[in-house]
Amino acid sequence: MTKHLLAIGLMLIALPHVLRSQSFEFHSNNPFGIQIIGEEGQLPPLMYMFHDMDNDSDVDLIMAGIDSFDLTEGLSVTFFLDYQLNLGTSSEPMFGPRQSFEDFKYPSFIFLPTAGDLNNDGRIDIVAGLEEDSTGTRRLIYYRNSGINTFDVLLLDDMGIPPLLPESIMYPKLMDLDADGDLDLFLSGSYPTVDDPLHGENYYLYAKNVGTREVPEFLGWFDEPYDLIPDEFTTLFAEGDIDNDGDVDLLSLVAENDRTPLLFLENIPGVDGKPSFAAPVESPFGLPVTGTDQQFFSPVFTDIDSDGDLDFFVLSIAEADLGGELQFNGLAYYENVLITATDELTLDRLDIEIRPNPVTDRFYIENHTTSSIEAILIYRTDGTLVRTIKGEFEEDLRLDGLVPDTYFVRIRMKNKDVIRKVVLIP
């Protein structure tokens, strides 16, 4: 039964050498007031996205899923897109009532969304599939946030994204895969092939953002980007600096027949700086391990408590018995305990200061310790890495291209990371 639900959801919607790793511990299901139960008869959300929707420097929650479906006469499906604003603080989140996006125009075929600030205007946009025309050709839709959570609906064709073949079922993900400061588009899912034009094979497609942060333009599709080889089963992805070394790693969720393993793909960039991913390793750093009695869906990383490291969420699903009804355990929260309260007090005693703060366009770091700075990593409050700086740090550090907001600056020193908060103002 789990396999069938995951199939519907996907239709419709030796450890590597790591110097600085995360450490995850299970905390609870549905923490901070997260509401996965909606209206009566509505399935729990299958997809979760954490972003700062109201520009108050904390992360809010966007959730999407199937409102209803009817298989009696073909396939008839309706969808929902809801959100919960964080009414607490950035360090002590508490999500308010679940609300719906009013008058949202869903695609004609299936609704598989991903979210991010695609045009760098401080508003969270949505890219989703799939729109289908009379020939069966399928396209991705760009929901450009025009303010107060209203959206201009555009096809990505005009931004260089080619349409997809009929019978494609692709899960989109906005991520800065090449670490150049803008959002690229990564797809995983079933794509038709010559050998199987009706059902397809699991495929990865990548479109590189070759425009600017404000005016995105894409070049694609490229298959098997950066030597990422598809699994034989459908795969979902979460991204983030999982091993805490300053680049974007991947965590894949593979929908096998009777389990959904989480596989860590470490990014080890080449000498040219381009991503290169190591062989997958299942559930390192304390991440959960799947079994036949518990399966996962919709993995996502975010810094939920604003302590400068990434926490992990994943939808946990269980079966009451063999062939029985599904039980949704909830959205499982795994806290990153790499940095504890004691660690933070120790770091605060280090003589490291950022000046000025708040900052308009640039800042400098006063380092009165005997340790040299190896790198500087700048994160949004949702845990997204937006800038990596390596080399000499005696000059001012520029924040050009970043929107006014609160950011975390991770100052990497030998055997120690120092985290400071900086506020960028207009």
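Placed above this text is the structure.
Conventions we followed
- Residues numbered from 1 in each chain as written.
- Predicted model: local features only at pLDDT ≥ 70, side-chain atom pairs only at ≥ 80, totals over all residues.
- Heavy atoms only, no water.
- Pairing = 2+ DSSP bridges.
- Helix = DSSP H or I, 4+ residues; strand = E, 2+ residues; numbered from the N terminus.
- 1 Å grid on protein atoms, 1.4 Å probe; cavity = no way out; pocket = protein on both sides within 12 Å on 5 of 7 lines; lining within 4 Å.
- Points joined across faces, edges and corners; volume = space filled by probe spheres on them.
- Nonpolar A, V, L, I, M, F, W, Y, C, P; charged D, E, K, R; others polar.
- Core = buried A, V, L, I, M, F, W, Y, C linked by side-chain atoms within 4.5 Å.
- Buried < 20%, exposed > 50% of the residue type's maximum accessible area, 1.4 Å probe, protein only.

**Details of the sheet that holds strand β25 (residues 397-398)**
Whenever strands of a sheet pair, they do so through backbone hydrogen bonds, lying parallel or antiparallel.
In step 1: With antiparallel pairing, three strands are arranged side by side in an open sheet as β21-β22-β25. Of all strands in the sheet, those with a lone pairing partner are β21 (352-355) and β25, marking the two edges.

**Some points on the sheet that holds strand β3 (residues 60-70)**
In step 1: Pairing is antiparallel in the open sheet, where four strands are placed in the order β2-β3-β4-β5. Whereas interior strands pair on both sides, the edge strands pair on one side only; in this sheet they are β2 (47-51) and β5 (99-100).
In step 2: Pairing geometry for β2 and β3, over five bridges, is antiparallel. Across the sheet, residue F50 finds its bridge partner in β3, namely L61.

**Thoughts on the layout of surface pockets**
In step 1: In this structure, the second largest pocket occupies an estimated 490 Å³ of space.
In step 2: Taken together, 27 residues make up the lining of the second largest pocket; nearest its centre are A179, G246, D247, T388 and K390.
In step 3: Breaking the lining of the second largest pocket down by element, the ones donating at least two residues are β23 (373-380) and β24 (385-390).
In step 4: With six residues, the single largest contributor to the lining of the second largest pocket is β24.
In step 5: When its residues are assigned to classes, the lining of the second largest pocket shows 10 nonpolar, five polar and 12 charged.

**With respect to the nonpolar core**
In step 1: Counting 78 residues, the largest nonpolar core has F50, L185, W221, L251, F312 and F313 as its most contacted members.
In step 2: Counting residues in each nonpolar core, the second largest holds 21 residues, with Y407, I411, M413 and L424 among its members.

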